[in-house]
Structure formats: structure tokens, C-alpha cells
Amino acid sequence: MPRIPTVARDASAEEIAECLDRDGCVVVERLFDDAWCSELKRELAPHVERAPTSIQSMNEHLAETGASDFYPGNTKRIPGLVAKSAAYQALVMNPTLLGVCDLILKPNCARYQIHATSALIIGPGAEVQVLHREEGPFDYIAMPRPNLVLASMAAVTDFTEANGATRVVPGSHRWPVLRKARESEVTAAEMPAGSLFLWMGRTLHGAGANRTNEWRFGTFLSYSLGWLRQEENLYLDVPPDIARTLPKELRRLLGYGMHAALGYAEVSV
Ligand SMILES: O=C(O)CCC(=O)C(=O)O
């Protein structure tokens, strides 16, 4: 059975980055406490209530690209989390997580940025998601290339193999792009609520099927090199009026700022 390294909440950024470099993934156990999980759930509750379970609008959009079954089954997907939750903002600014970004992304950019945010809430009956890589959209850039993306999933409820814990293929960050995973190479990132699962942009992964009667509640957060197109359009999801209320460092992480000559605007935020 493939193994995901697990470290304690006080692990150093260096230790976490070492696991990522070696295995392509790592769980940091209970990085956040119960109060953080409760607060995040409280802040997102109205959005979760409103979110369609079929995520129809997203699927219609994805249908244009032939990927309409990317979120199969009973899944709620809520983007724009920086504008919706102070608890999520604290996750984005977590010093351990930023320390890992410093080691994995900073060597290849002047500044890294948030790449995408989403609550991913998987309900009973949801089926397994196709294994994929966060860096898939960047495969126009030939190998060898620097690490482009670092991804994470915070467990807001316990993640178990049965309730849809993220499936991952340890070591696949070093595979050729076309190599497919055998089922025996896939494992589930089981972790207690408050834990953070991190994986490299080239690591194969996907949501698990939910065979329980409970909802698996996680928040996805990725970062990328500051000179790339972000996966989420954060200028729309966190518009200037909201961005202006946030700390400068968070605004910069959203992409409100320049990367060398890239990103100039008449409007200053
Ligand atoms: O929900 C999960 O566990 C993983 C989701 C994922 O990989 C994605 O939506 O890209």
C-alpha cells in the first residue's frame, strides 16, 4: 500500500517541503484547531446552503472543454473563499504554509500567488473523481520545468477513505505525464478534522467516492508562480472593493500587484 508521510502540526516548513519533494504529498496533522473548523463552517454556512449539489453551472462551463464529469455526483463546490471567510483568510496566510511556498515556489518567481480556492463538499453517493494533476493546464511548458503549483486540502470534517478523502498517488510527481496509475498505487489521504493535506502540482490525485451518509467538508487552496495565469479568476471572485479591505500581503497574494512588468492597471488596489 503506498504511504503518505504524516507530520505533526509543529513540523518545520523544511521538513514538510522535504516530504513533498520526496513523496509528492504530505499530511500535516491538526494544523488547525476545532475552533477554526467551527468558524469556517459558520462563515460558509449560507453559501453551502445555497450551493447547488449538481454544480450545474460549472459543469455546463466544463462541458465546453469536454470535462463535464470532472465533479461527478453529489458535490458542492464554492469558490471565492477569500471574500467569504476570515477563517479561510487565516489559512491562506498560515506561516507554515507560506514557509512551504517560499521553499517550493519562490525560487522560480519574484512572488507567488493564490492559484485557486474552493470549498469542496462531497455528499453521500458522490462517485470517484478522475485522477488529475493541478499543473495539467500548463503542459504546454515542456519538461523539465520548475514546480509551478502547490496544492492543499484542509479537512474541516474528518476525512476517511469511506467518506471521500482525497485519493493520491505518492511519487507520481516524478512520473512522465502520460503514465497512468494502477489502482494499487492509489491511496486515500485520511486525516482528522483540522489537518492539512499538501501535494505537488504534478502529483496525481482526485476526490474519493462517498459511501457514507455524511458530508465530507474540505477547503481547497493552491498557490502558483506569480507569472502564471491563475486557475480561479480572483479579480472577479474578490473584486477591488473587497480586496481594498484586506491586508496588503493578502491583496498581493490575490494578484493585486505586479510581477516584474506583468499586471499593470490604471486602478490601484
Ligand atoms: O475534493 C478533493 O478531495 C480533491 C478535489 C480536486 O482534486 C479538484 O477539484 O481538483
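Up top is the structure.
Residues numbered from 1 in each chain as written. Predicted model: local features only at pLDDT ≥ 70, side-chain atom pairs only at ≥ 80, totals over all residues. Heavy atoms only, no water.

## Let's talk about the nonpolar core
Among soluble globular proteins, nonpolar side chains are generally buried collectively. Defined as follows: Note on terminology: a nonpolar core comprises buried Ala, Val, Leu, Ile, Met, Phe, Trp, Tyr and Cys residues joined through side-chain atoms within 4.5 Å. Exposed residues in this analysis have more than 50% of their type's maximum accessible area, buried residues have under 20%, and partly exposed residues fall in between, with area computed by a 1.4 Å probe over protein chains only.
Ile 114 and Tyr 223 are the most contacted members of the largest nonpolar core, which has 58 residues in total. Grouped together as the second largest cluster of nonpolar side chains are 18 residues, Tyr 71, Ala 155, Phe 197 and Phe 220 included.

## Quick look at the packing of aromatic side chains
Note the threshold: Only rings of Phe, Tyr and Trp enter the pairing, Trp through its six-membered ring, and a pair is recorded when the two centres are within 6.5 Å. The plane angle decides the type: under 30 degrees is stacked, over 60 is edge-to-face, the rest tilted. Starting at the N terminus, helices and strands are each numbered in turn, a helix being any DSSP run of H or I of at least four residues and a strand any DSSP run of E of at least two.
Inspection of the entire model under this criterion finds five aromatic pairs. Judged by centre distance (6.1 Å) and plane angle (90°), the ring pair of Tyr 112 and Tyr 223 falls under edge-to-face. Taken as a pair, Tyr 112 in strand E4 (residues 112–122) and Tyr 223 in strand E10 (residues 216–225) lie far apart in primary sequence, 111 residues in all. By relative accessible area, Tyr 223 is classed as buried at 1%. An angle of 90° between the planes, with centres 5.3 Å apart, marks the rings of Tyr 235 and Tyr 256 as edge-to-face. A residue pair is termed long-range when its members are at least 10 positions apart, and Tyr 235 in helix H6 (residues 234–237) and Tyr 256 in the segment after helix H8 (248–254) qualify at 21 residues.

## Structural notes on the site of the ligand
Rules: By convention in this text, a residue qualifies as near a molecule or strand provided that one of its non-hydrogen atoms is within 4 Å of it. The definition of a polar contact used here is a pair of N or O atoms within 3.5 Å, where within protein one atom must be able to donate a hydrogen and the other to accept one, and adjacent residues in sequence count solely through side-chain atom pairs. Only the protein chains shown count as covering a residue, and every accessible area follows the Shrake-Rupley method with a 1.4 Å probe. Residues are sorted three ways: Asp, Glu, Lys and Arg are charged, Ala, Val, Leu, Ile, Met, Phe, Trp, Tyr, Cys and Pro are nonpolar, and all the rest, Gly among them, are polar.
Around the ligand sit Phe 70, Tyr 71, Leu 120, Gln 129, His 132, Glu 134, Met 153, Thr 166, His 205, Ala 207 and Arg 216, and those are all the residues in its vicinity. Between the ligand and Gln 129, the relevant distance is 3.5 Å, taken from an oxygen atom to a side-chain nitrogen or oxygen of the residue. A distance of 2.9 Å is found between an oxygen atom of the ligand and a side-chain nitrogen or oxygen belonging to His 132. For the ligand, whose free accessible area comes to 290 Å², the fraction covered by protein is 95%. Residues of the shell around the ligand, tallied by class, amount to five nonpolar, four polar and two charged.

## Notes on the pairing of strand E5 (residues 149–155)
Threshold: Whether two strands pair comes down to DSSP finding at least two bridges between them.
In terms of burial, E5 is a largely internal element, seven of the seven residues being buried. Taken together, the seven bridges between E5 and E10 define a ladder with antiparallel strand orientation. Looking across to E10, one finds that Met 153 is bridged to Phe 220. Looking at chain direction, E5 and strand E8 (residues 196–200) are connected through five bridges and run antiparallel. Residue pairing for E8: Leu 150 is matched across the bridge by Met 200.

## Concerning the environment of Arg 244
We apply this condition: Contacts: residue pairs with any heavy atoms within 4.5 Å of one another.
Mapped onto the fold, Arg 244 is located in the loop between helix H7 (240–243) and H8. As for Arg 244 and Tyr 256, which are separated by 12 residues in sequence, their C-alpha atoms are 9.7 Å apart. Residues contacting Arg 244, with those up to four places away along its chain left out, are Arg 251, Val 267, Ser 268 and Val 269. A polar contact of 3.1 Å, which involves the side chain of Arg 244, links it to the side chain of Asp 241.

## Brief notes about the sheet that holds strand E9 (residues 205–206)
Spatially, the three strands line up as an open sheet ordered E7-E6-E9, and their pairing is antiparallel. Either end of the sheet is taken by a strand with one partner, and the two such strands are strand E7 (187–188) and E9.

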